Amino acid sequence: MNVTLRRAETLLCVNLSLTIRMWGPSMSKSSASLMLAAAALALTIAPVLTACSGGGGAGGGRAVSPPPPPPPPPPPGGSGPTWTNGVFAAASSFKSRCEAPRSGVDSEGNAFNDIAGSTLEENFWLRSWTNETYLWNNEVVDQDPANFTDRIVYFDQLRTTAVTVSGEDKDDFHFSQSTEAFLESRNSAPSSSYGVSYVSFSSSVPRDFRIRYTEPNSPASAIVGGLVNFPRGAKILEVDGQDLINGGDTAALNDGLFPATAGETHTFLIQDVGATSSRTVTLVSQDLARKPVNRMKTIDTGSGKVGYILFNTFSPFSSERDIAEAITAMQAEGINDLVLDLRYNGGGLLTVAAQLGYMIAGDAPTAGRTFELLRFNADAGNTNPVTGATNSPIPFVKTGVGFSLTNGTPLDSLDLPRVFILSTSRTCSASEAVINGLRGIDIEVVLIGDTTCGKPYGFYPQDNCGETFYTIQFQGVNDKNFGDYSDGFVPLNSSFAFGEKLNGCVVADDFDHELGDEAESLLAAALDYRATGTCPAVIPKRNPKITYRNSGKTEVASSDLTQAEAVMQNNRDMRLRPE
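Described below are features of the structure shown in this document. In this text, all values refer to a predicted model and were calculated from it rather than measured experimentally.

**Digging into the state of the cysteines**
1) Next: Following the criterion strictly, the structure yields three disulfides and no others.
2) Next: Sulfur-sulfur distance for the disulfide between cysteine 428 and cysteine 453 comes to 2.0 Å. Between cysteine 428 and cysteine 453 the disulfide shows an S-S torsion of about 70°. By sign, it is right-handed. Here cysteine 453 lies in the loop between strand 21 (444-449) and strand 22 (457-458) and cysteine 428 lies in the loop between strand 20 (418-423) and helix 9 (430-439), a separation of 25 residues in the sequence. By the burial criterion, cysteine 428 is buried, and cysteine 453 matches it.
3) Next: A disulfide bridge connects cysteine 505 with cysteine 535, and the sulfur atoms are separated by 2.0 Å. Across the S-S bond linking cysteine 505 and cysteine 535, the dihedral sits near -75°, which makes this disulfide left-handed. Placement of cysteine 505 in strand 28 (residues 504-506) and of cysteine 535 in the loop between helix 10 (521-532) and helix 11 (563-568) is noted, with a sequence separation of 30 residues between them.
4) Next: Judged by relative accessible area, cysteine 505 falls into the buried class, the value being 0%.
5) Next: Here the disulfide map of the protein chain reads 1-4, 2-3, 5-6, the bonded cysteines being numbered as they appear in the sequence.

**Re the pattern of salt bridges**
1) Next: Overall, the coordinates contain 24 salt bridges when judged by the stated rule.
2) Next: In this structure, the salt-bridge partner of arginine 279 is aspartate 272, at a minimum N-O distance of 2.8 Å. Accessibility classification places arginine 279 together with aspartate 272 in one group, the buried group.
3) Next: Between arginine 343 and glutamate 520 there is a salt bridge, and its shortest N-O distance comes to 3.0 Å. A residue pair is termed long-range when its members are at least 10 positions apart, and arginine 343 in the loop between strand 17 (337-341) and helix 7 (350-361) and glutamate 520 in the loop between strand 28 and helix 10 qualify at 177 residues.
4) Next: Put simply, Arg232, Asp341, Arg343, Asp509 and Glu520 are held in one network by salt bridges that share partners.

Cut-offs applied
- Residues numbered from 1 in each chain as written.
- Predicted model: local features only at pLDDT ≥ 70, side-chain atom pairs only at ≥ 80, totals over all residues.
- Heavy atoms only, no water.
- Disulfide = S-S within 2.5 Å.
- Helix = DSSP H or I, 4+ residues; strand = E, 2+ residues; numbered from the N terminus.
- Buried < 20%, exposed > 50% of the residue type's maximum accessible area, 1.4 Å probe, protein only.
- Salt bridge = Lys/Arg side-chain N within 4 Å of Asp/Glu carboxyl O.

Function-wise, these values are silent; they only describe arrangement.
Structure representation (structure tokens):
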């Protein structure tokens, strides 16, 4: 696998092993109600392509699609294709012509359609596919595929080398992985864990690992002897008797931090925030799924009620039900303002993001408006170059679509003119789409925390000859046709000179207080800004370090994801309804 990343910290956690589904015929553009428009959208999907599951992709089994027709026979002559600068044959003429053709069926039961070919033909497919679908296809230097004997090395060249105004790579999400690994991740069962997310401020000696948050009703959040097993901010000193700070047995440390199966018992020595002594915690792993709405509460203030929701993922499917029920509870409480905590939300289902936008703003501002429109390369016009379908806008969605709410179930709304969003560099993809979509209809977004990850882009994973490739193919824009936030959304008082500035305050993530505690720095700053319009003094932040699972035996992992899974969790999942 080859992965090019902009900031590794933006990729943790975050939608998911993500999928983008191929779209079918164009959506109706009649003047029907938004609910009917959303339903029409859902009915046009052709379930041709999915991506992986990992925090929220396809997950589980699905109906097996009929295999595509075999590729056309090779042209006579036998010498293989030849390169002419700027001249591109159709990608379909090279599809599935493989140096090492597969036979039989994949892990989902789909027949392989590979035929004998060559690395040269695989390279020519990559070249034509990039020219047809890559967002910045006119910025790719056209190089002769015959000069490359490795398809992955050639794929690395098929991207723009331009940078953003801040100097970051314009395309920093270009990667591939084996199709076998892609399918394995997509169909994985709930993972074994304690229900904890770690943060590492140093993954090399002397290490500094702490508790970032825990899942409700999990071994990590259980109360034993009057104390939470793993409270936020607690420092992990030992794992199964191994010194986590200075120890050298990284395999044993990783095995204890990330249990392979349910029912494993591991012992930790931790030091709570503010404590001068340590304590021992014993945990037994379980097969757990991430809970999208981790916690919520209502805060009484002198100027009305404020709702707080910690929303950690737009996937898996249960995110639709979870966030709808949370908004219904807030409506019943009669809140005047909402603090939406997306600091660790890396994205997921774009339809759920469109539902959340509606539930915040309500009917009047969203009626007939676009939540997000996909912008493809200039050659595509009004056509999705991947699917061939008409590129129709995604509306704000006011009903359930069937992920975990019955299709057509009316959604409650708060009808708020503004929302406070708590953010970090892990606020990504579909989370940023909520920010951008609301700004497109003039709902004020007050940003408290740090600059978001800056990912207005997405892709359709594509297999060819046993490798699944990911190349940026679209940019999401709002009702005002804005989507240029690749340097992130930025609180107004930030010293960062780039990005898209929003009203709000720079505040460092606070590991000394539980999430949802009114003394926790980000929530406290949101409440103060609401009351006074002022920001607290900016204090230096500690930057977490991310080490991915299986990334090397010399480091202790702080994430249970592989690097590819982390990248895919930040992709927009374009399914408008479940399979």
